[in-house]
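A structural walkthrough
Single-letter residue listing:
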Amino acid sequence: MLHRRRLLAATTALTLGAALLPLGAFAQDDGPIRIGHLTPRTGFLGPLGEYAVMAADLAVEEINAAGGVNGRMIEIIKEDSVNPQTASTKAERMIERDEVVAIVGEISSASALTISQVADRAQRPFINTGANSDTLRGSDCKRYMFHVETQNAMYVNAEGQYLQNEGLVDGKNWYLLTADYAFGHDLLNAAKAFLDRSNGNIAGDDLVPTDATDFSSYLLKVREAKPDVVVSNLAGTQITSFLKQYTEFGLDAPVGGFGFDTASAWAAGGENFKGTWPTVWTHQVDTERSQAFVKAFTDKYGKPPENQAFGDYTAMYILKQAIEAVGTDGEALVGYLENPENTFDVMKSRPAYFNPKNHQLMQEVYTITALPPGEQQNQWDIFTTSAPVPAADQPLETLIEAAVGGECSFGG
């Protein structure tokens, strides 16, 4: 009986010890390398999520065709993240059941936060490809979370520079329409901070539910306020609906925004798309690797990639580089990714690196400007893409000046 009790005690101790070990300790050393891909494929962000999935699939297909990663194939486990609670549950399942070595994806800032909490506990890297919130790089940062998508401050600084050059900031009145969720709130705070330091004024400021499809009540208020600039802090399909209705109302104030996806411009159509907007990348970026990606994506899917596709495609290749260098251990991957001496080819004119202070990928951004209908070449080329921002003689860190969102503390 004593022997049996000792055996049970030893077994219990081993079981408890295993439960307390980081999940990364169980990662397999052979067979396929499993990577989780979580992103919204339904709801107002669903159209962007579809581009994300297509790009991730293309990247994995290319990587495997070239021999995989250190001779091992990549297996991608894909799920619709749906909402923050579901995203958290699916992230846990990917880690515990599927034993993924990392999670890539997401667009919603609220869902990205819940995924990051799961990834941090499990010590598995999460590479955010679409959530912009400054707080994810600030007070809500996590050591195992990295950001390929640019943060709101970077877009505000890029777009703000353009608007200042056009004489649309100093002493001018802005009307802001903002998506009523984490991303929009964060972007609104960044926009207000920009106006405060640039001598701009707010003529109106409305929060818009994410399920809103009728903007007439807001546009009537815009018409009455007669602002110098109308600024959209909307997201996903909201932007498309807003642009179409803005044209229908016949408003003529310059329009632009601090958050944007080129899919929204394409969905609005050349007759409705107007203004200047910031973006992390477009299919018009004229580098050899960008154009190779555009060709591969277009050949496979019959249409060019948009900026969300860029994020997920790039993240897969960043993860490939890191795994080739240090293997699949979570701690080793974090150490590699956050070392600013390790740079990544992100298909732009200069390489990128992760800021070790908040894990934001430091990279060039762009602004796009709508073309008049008579100058549009086709349904995709309805805008022009600027030269990289900042200019080649300026450090990338200028893009994150005056970021809101609090301070990042990975130990907190």
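Computed from a predicted structure; not experimentally measured. (Residues numbered from 1 in each chain as written. Predicted model: local features only at pLDDT ≥ 70, side-chain atom pairs only at ≥ 80, totals over all residues. Heavy atoms only, no water.)

Here's the deal with the overall build of the protein chain
Across its full length, the protein chain holds 12 helices and 14 strands. Over its C-alpha atoms the protein chain spans a radius of gyration of 22 Å, differing by no more than 12% from the 22 Å that the globule rule assigns to 412 residues. Taken over the C-alpha atoms alone, the protein chain extends approximately 85 × 40 × 40 Å along its principal axes. Long-range contacts, defined here as pairs at least 24 residues apart, represent 69% of the contacts in the protein chain between residues at least 6 apart. (Helix = DSSP H or I, 4+ residues; strand = E, 2+ residues; numbered from the N terminus. Rg over C-alpha atoms; globule rule 2.2 N^0.38 Å. Contact = heavy atoms within 4.5 Å.)

What about the pairing of strand β10 (residues 276-279)?
Judged by which residues are buried, β10 turns out to be covered on both faces: T276 and P278 on one side and W277 and T279 on the other are all buried. Here four bridges tie β10 to strand β13 (residues 366-370), and the two strands are oriented antiparallel to one another. In the strand pairing of β13, T276 is matched with T369. (Buried < 20%, exposed > 50% of the residue type's maximum accessible area, 1.4 Å probe, protein only. Pairing = 2+ DSSP bridges.)

Considerations on the environment of Y181
Along the polypeptide, Y181 turns up in the loop between β6 (173-179) and α6 (182-198). Those residues in contact with Y181 that sit more than four places away from it in its chain are F44, L45, S108, S109, T210 and A235.

Regarding the sheet that holds strand β1 (residues 33-39)
Spatially, five strands are ordered β2-β1-β3-β4-β5 in an open sheet, and the strand pairing comes out parallel. Two strands close off the open sheet at either side, each with one partner strand: β2 (74-80) and β5 (145-147). If you compare each strand with its neighbour and ignore which way they point, the axes differ by 25 degrees on average. Pairing between β1 and strand β3 (residues 102-105): four bridges, direction parallel. (Axes fitted to C-alpha atoms, helices over the stretch in contact; angles between N-to-C directions.)

Quick look at the pairing of strand β7 (residues 201-208)
Along a regular strand, successive side chains alternate from one face of the sheet to the other. Looking at chain direction, β6 and β7 are connected through seven bridges and run parallel. Looking at β7, one finds that T178 is bridged to L207. Taken together, β6, α6 and β7 form a β-α-β motif whose crossover is right-handed. (Right-handed = clockwise from strand over helix to strand, strands pointing away.)

Some words on the layout of surface pockets
Size it by volume and the largest pocket reaches roughly 270 Å³. If you trace the largest pocket, you find 13 residues lining it, with R137, N358, A403, G406 and E407 closest to the centre. For the lining of the largest pocket, the per-class residue count stands at four nonpolar, five polar and four charged. What the second largest pocket holds in volume is close to 230 Å³. Lining the second largest pocket we find 13 residues, and of these N157, Q161, T398, L399 and E401 sit closest to its centre. Of all the secondary structure elements, the ones that give two or more residues to the lining of the second largest pocket are α5 (152-165) and α6. Sort the elements by how many residues they give to the lining of the second largest pocket and α5 lands first, with five residues. (1 Å grid on protein atoms, 1.4 Å probe; cavity = no way out; pocket = protein on both sides within 12 Å on 5 of 7 lines; lining within 4 Å. Points joined across faces, edges and corners; volume = space filled by probe spheres on them. Nonpolar A, V, L, I, M, F, W, Y, C, P; charged D, E, K, R; others polar.)

Concerning the nonpolar core
By size, the foremost hydrophobic cluster in this structure holds 97 residues, and its most contacted members are W174, F242 and F273. Residues within four places of F242 in sequence aside, it is in contact with L177, F215, L219, V230, S232, L234 and V255. Counting residues in each nonpolar core, the second largest holds 17 residues, with A91, V100, A119 and M145 among its members. (Core = buried A, V, L, I, M, F, W, Y, C linked by side-chain atoms within 4.5 Å.)

Side note on helix α7 (residues 216-225)
Among the residues of α7, Y218, L219 and V222 are the ones counted as buried. One side of α7 carries all its buried residues, which in axial view fall inside an arc of 95 degrees. Structurally, α7 contributes buried residues whose contacts are with β6, β7, β8 (229-233) and α8 (237-248). After α7 finishes, the residue K226 shows a positive phi value of roughly 50 degrees. (Arc of directions from axis to C-beta.)

Details of helix α10 (residues 288-301)
In this model, α10 (14 residues) spans 20 Å end to end at C-alpha, consistent with the 20 Å of a helix rising 1.5 Å per residue. Residues S290, F293, V294 and F297 constitute the buried set of α10. The arc that holds every buried residue of α10, seen down its axis, measures 100 degrees, which confines them to one face. Of the exposed residues in α10, the ones pointing more than 90 degrees away from its buried face are E288, K295 and D299. As for α10, its buried residues are in contact with α2 (46-65) and α11 (307-326). Positive phi appears at G302, one or two residues downstream of α10, with a value of about 80 degrees. (Expected span 1.5 Å × (residues − 1).)

Thoughts on the state of the cysteines
One way to say it: the disulfide is the covalent bond shared by the sulfur atoms of two cysteines. Under the counting rule described, the total for this entry stands at one disulfide. In this model C141 forms its disulfide with C408; the gap between the sulfur atoms is 2.1 Å. As the torsion about the S-S bond is roughly 90 degrees, the C141-C408 disulfide counts as right-handed. Of this pair, C141 sits in the loop between β4 (126-128) and β5 while C408 sits in the segment after β14 (383-385), and the two are 267 residues apart along the sequence. (Disulfide = S-S within 2.5 Å.)

Remarks on the packing of aromatic side chains
Counted by the stated rule, this structure contains 23 aromatic pairs. Look at Y313 and Y317: their rings are 5.1 Å apart centre to centre, the planes differ by 50 degrees, and that puts the pair in the tilted class. Residue Y313 and its partner Y317 are located together in helix α11, separated by four residues, close to a single helical turn. Consider the rings of F344 and F354, whose centres lie 5.7 Å apart with planes at 70 degrees: the pair is edge-to-face. With F344 in the loop between α12 (330-337) and β11 (353-354) and F354 in strand β11, this residue pair connects regions lying 10 residues apart in the sequence. (Phe/Tyr/Trp six-rings, centres within 6.5 Å; stacked < 30°, edge-to-face > 60°.)

Let's talk about the side chain of N272
Residue placement: N272 occurs in the loop between α9 (262-268) and β10. Given a relative accessible area of 10%, N272 falls into the buried group. Ignoring sequence-local partners within four residues, the contact set of N272 consists of L243, K244 and T247.

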